[in-house]
Amino acid sequence: MPRRPRVEYPGYHHIINRGVARENIFLKEDDYFKFLEILEHTSKVYTFEVHSLCLMTNHYHLLIKTKSENLSLLARQINSKYAQYFNKEYKRVGPLWQGRFKSWFVHDENYLGTLVRYIEQNPIKANITQDIGEYQWCASTLLFDKNYENIFKNSILNDEIIFSSLDKLLEEGEIATLQKHLNEKYKRSEAGLIKQKQQPLAKHFKKVKSLNDRNEKIMLALKDGYTQGEVGRYLGLTSGLISQVNKSCKLNT
């Protein structure tokens, strides 16, 4: 199965990487410090900003904002430099990481706060802590620790979005919305990034039971990235009628 094309577009990216066979990648405090040192150095070389992070024992989360199409380069730099350190430090050989890193382009900045809370809640989900701000290796804690002042003075911003996100835990609806965004796929076009369709129109309109059901399925197809013209041609309807359905459904929600 071919790999999912990686979106290198400048902007916010959520990055995750995990130890091979889910083994620990941080064994002592110095390991965390070394990773942060590598991250800080790499952010200067590749001119990206770190907006949130969480270093767990066997994986890490980063929320960064790139200025160039260099996501793969900077992530490989972080991972390879840390793997070199770890293998030398613990006299081991072989890969440290479980395959290539995973990344998601944050196409909708409206859910940045939700993503930050998702990252910050990793220690809570793992039953390590009970509240945001208690885990030593999360951005919320590091930002207020003077030991890290020099590291994060320029790379982690005092962003209002970030700080306003830390006052509550994620709700079920937010988790579902976040998961939906993470599952969406985008591709590059002359007009910029466009959303890739998640499923064919035939599946969208399978077993239409009524006019209301059809209209609901039209809305779902539009949300899936299909244009009004594409939906209209498939159903044998005019783009104007699809537009009317779209406006009517939005008014009723």
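Residues numbered from 1 in each chain as written. Predicted model: local features only at pLDDT ≥ 70, side-chain atom pairs only at ≥ 80, totals over all residues. Heavy atoms only, no water.

A.B. asks: What is the right way to look at the overall build of the protein chain in this model?
C.D. replies: Of the regular secondary structure elements, the protein chain holds 12 helices and six strands. Out of the 253 residues belonging to the protein chain, those deemed buried represent 47%. Sequence separation of 24 or more characterises 69% of the internal contacts of the protein chain that already satisfy a separation of 6 or more. (Helix = DSSP H or I, 4+ residues; strand = E, 2+ residues; numbered from the N terminus. Buried < 20%, exposed > 50% of the residue type's maximum accessible area, 1.4 Å probe, protein only. Contact = heavy atoms within 4.5 Å.)

A.B. asks: Any chance you could explain the sheet that holds strand S2 (residues 49-55) here in plain terms?
C.D. replies: Pairing between sheet strands relies on hydrogen bonds along the backbone, with the strands arranged either parallel or antiparallel. Across the sheet, four strands lie side by side as S2-S3-S1-S4; this open sheet has antiparallel pairing. Across the chains shown, the open sheet's two edge strands, defined by having one partner strand only, are S2 and strand S4 (102-105). Going across the sheet, the axis of each strand differs from the next one's by a mean of 15°, ignoring polarity. As paired elements, strand S1 (residues 11-18) and S4 share four bridges and run antiparallel to each other. Pairing of His-14 across the sheet is with Trp-104, part of S4. The sheet strands contacting helix H2 (residues 71-89) are S1, strand S3 (59-66) and S4, and the helix crosses S3 at an angle near 145°. (Pairing = 2+ DSSP bridges. Axes fitted to C-alpha atoms, helices over the stretch in contact; angles between N-to-C directions.)

A.B. asks: Sorry, what's going on with the confidence of the model for the protein chain here?
C.D. replies: Should the pLDDT be low somewhere, the predicted coordinates at that spot are not to be read in detail. Scored by pLDDT, the protein chain comes out at a mean of 81, with 74% of its residues at no less than 70. Across the protein chain, H2 holds the top mean pLDDT of 97, while helix H6 (residues 149-152) sits lowest at 53. (pLDDT = per-residue confidence, 0-100.)

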